[in-house]
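Letter by letter, the chains look like this.
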Amino acid sequence: SQVSFEEESQKQPTVGHWKPLMPSEGNKEELERGCQDAAGVAETQSSEQLNVSRLRSSSVEIREKGSEFLKDELHKAQKELKLKDKECERLSKVREQLEQELEELTASLFEEAHKMVREANTKQAVAEKQLREARGKIDMLQAEVTALKTLVITSTPSSPNRELHPQLQSPSKTGFRKGHGRNKSTSSAMVSAASQNVAPEPVSRECKEVDSILFAEFQAWKESPTLDKSCSFLDRIYREDIGPCLDFTKQELSELVRVAVEQNTLTIEPVASQSLPVMKVAAEECGGPKKCALSGLPRTCKHRIMLGDSGNYYYISPSCRARITAVCNFFTYIRYIQQGLVRQDVELMYWEVMRLRREMSLAKLGFYPSEM
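Here the structure is a predicted model, which means the values were calculated and not measured.

(A) Geometry of the overall build of the protein chain. For the protein chain, the count of helices and strands is 10 helices and 3 strands. Mapped from its N terminus to its C terminus, the protein chain presents α and β elements in the order α-α-α-α-α-α-α-β-α-β-β-α-α. Buried residues in the protein chain amount to 22% of all 372 residues. Long-range contacts, defined here as pairs at least 24 residues apart, represent 65% of the contacts in the protein chain between residues at least 6 apart. Here the protein chain displays about 27,000 Å² of accessible surface, and carbon together with sulfur accounts for 55% of that area.

So this is what it looks like as structure tokens:
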């Protein structure tokens, strides 16, 4: 009907354009029909407008509900974000706390490790010190045993050592031995004077004066004792005493003797008069009971030396034995000082070193006790 109405509306003039003529009867019907049609159109238009308004109101309602839904969702999202922010903040605090605890634990572990290392170093230093002291004591005991062995084996029934057997000495000679040593001629003169009941003159007291240069060198060496001959103290003694004292005619053998003395591997023993040892080298090198191996001179050799564990023996004269013994006594004393076994004042140790140097000086000049 709407389609027919549209067709008729296209054929007929539009409403509102009626001609101002009085209608006839035929036209009345048409007018009524047109009014009805116009009312139908108006009704249709009003229903369409109503539908449009309903659509508009429904769209507004839908829009409002959608905005409310979106607002609710936004509030929920904001709440969730706030909760997540709080959770992140809590987790960051937990992380910071864990990092702090980790740093403290690491610091404590490092401190404990350093403490353990320090304790280990301290224990190692103590153990090394005890080891050095034990080795020093062993060296001291070995030196004492060697010295006692040397003293004991030098006393034989055929030639007893009068130092070990004081009862073999005469009373006058024993009295004079309490003082300073005398050479052979002086001792003989004293013995002859005592036999004639003539009172000897009192022995004059020896005067001493410390040399400032030598004492300063000894003090510097005493601060850090060593057997290295590059230091000024030992360098001077090597040049002035040890070198000349161990400088024999046989240069090659002299060097071997010096090395053995420095390493404390030299052995001196008396020669048994009833048996001769089997020589492993030529007799010219080792000498013999009537020839010194160091000086090459014909001398009565009462002792022989062995260098280390070589098994080779070398006969030496009393003068050469005195020179070697003087150097050995010096090295023994400075080893005792190095090992901390000498508990004396620095000046007393200095004078003992000077006494040992004097013995080396006398020995290198050819002076030696008659017991040699």
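More follows now that the structure is in view.
(B) Examining the sheet that holds strand 3 (residues 313–316) more closely. If you trace the 3 strands from one edge of the open sheet to the other, you get 1-2-3, paired in antiparallel fashion. Both outer strands of the open sheet, strand 1 (266–270) and strand 3, are each paired with one neighbouring strand and no more. Strand-to-strand twist in this sheet, taken as the mean axis angle between neighbours without regard to direction, amounts to 30°. Across 4 bridges, the pairing between strand 2 (residues 303–307) and strand 3 is antiparallel. The residue of strand 3 that forms the bridge with histidine 303 is isoleucine 316.

(C) Here's a closer look at the packing of helix 9 (residues 318–338) against helix 10 (residues 346–364). Two numbers describe how helix 9 lies on helix 10: the axes approach to 8 Å, and their chain directions differ by 165°. Between helix 9 and helix 10, the angle falls in the class roughly antiparallel. Here helix 9 and helix 10 pass one another in a crossing that is left-handed. Residues Ala322, Arg323, Ala326, Val327, Asn329, Phe330, Tyr333 and Ile337 of helix 9 pack against Met349, Glu352, Val353, Leu356, Glu359, Met360, Ala363 and Lys364 of helix 10. By residue class, the composition of the contact of helix 9 with helix 10 is 11 nonpolar, 1 polar and 4 charged.

(D) Summary view of helix 6 (residues 232–245). Helix length check: helix 6 (14 residues) gives 19 Å between terminal C-alpha atoms against 20 Å at 1.5 Å per residue, within 8%. Those residues of helix 6 that fall on the buried side of the exposure criterion are Phe233, Leu234, Arg236, Ile237, Tyr238, Asp241, Ile242 and Cys245. Check the buried side of helix 6 and you find it contacts helix 5 (212–223), helix 7 (251–262), helix 9 and helix 10.

(E) Seen up close, the packing of helix 5 against helix 10. Running from N to C, helix 5 and helix 10 point in directions that differ by 115°, and their axes come no closer than 11 Å. Classified by the interaxial angle, the pair formed by helix 5 and helix 10 is roughly perpendicular. Where helix 5 crosses over helix 10, the handedness of that crossing is right-handed. Contacts from Leu214, Phe215, Phe218, Gln219 and Lys222 of helix 5 reach helix 10 at Val346, Glu347, Met349, Tyr350, Val353, Met354 and Arg357. Looking at the contact of helix 5 with helix 10 residue by residue, the class counts come to 8 nonpolar, 1 polar and 3 charged.

(F) Up close: the side chain of arginine 304. Note that arginine 304 resides in strand 2. Using a relative accessible area of 13% as the deciding quantity, one classes arginine 304 as buried. Polar side-chain contacts of arginine 304 include one of 2.6 Å to the side chain of glutamate 269.

Criteria and cut-off values
- Residues numbered from 1 in each chain as written.
- Predicted model: local features only at pLDDT ≥ 70, side-chain atom pairs only at ≥ 80, totals over all residues.
- Heavy atoms only, no water.
- Helix = DSSP H or I, 4+ residues; strand = E, 2+ residues; numbered from the N terminus.
- Buried < 20%, exposed > 50% of the residue type's maximum accessible area, 1.4 Å probe, protein only.
- Contact = heavy atoms within 4.5 Å.
- Areas by Shrake-Rupley, 256 points an atom, 1.4 Å probe, with all protein chains shown as cover.
- Pairing = 2+ DSSP bridges.
- Axes fitted to C-alpha atoms, helices over the stretch in contact; angles between N-to-C directions.
- Parallel < 35°, antiparallel > 145°, perpendicular 65-115°, else oblique.
- Left-handed = near helix turned anticlockwise from the far one by under 90°.
- Nonpolar A, V, L, I, M, F, W, Y, C, P; charged D, E, K, R; others polar.
- Expected span 1.5 Å × (residues − 1).
- Polar contact = N/O pair within 3.5 Å; in protein donor to acceptor, adjacent residues only side chain to side chain.

Honestly, it's all geometry; don't read function into it.
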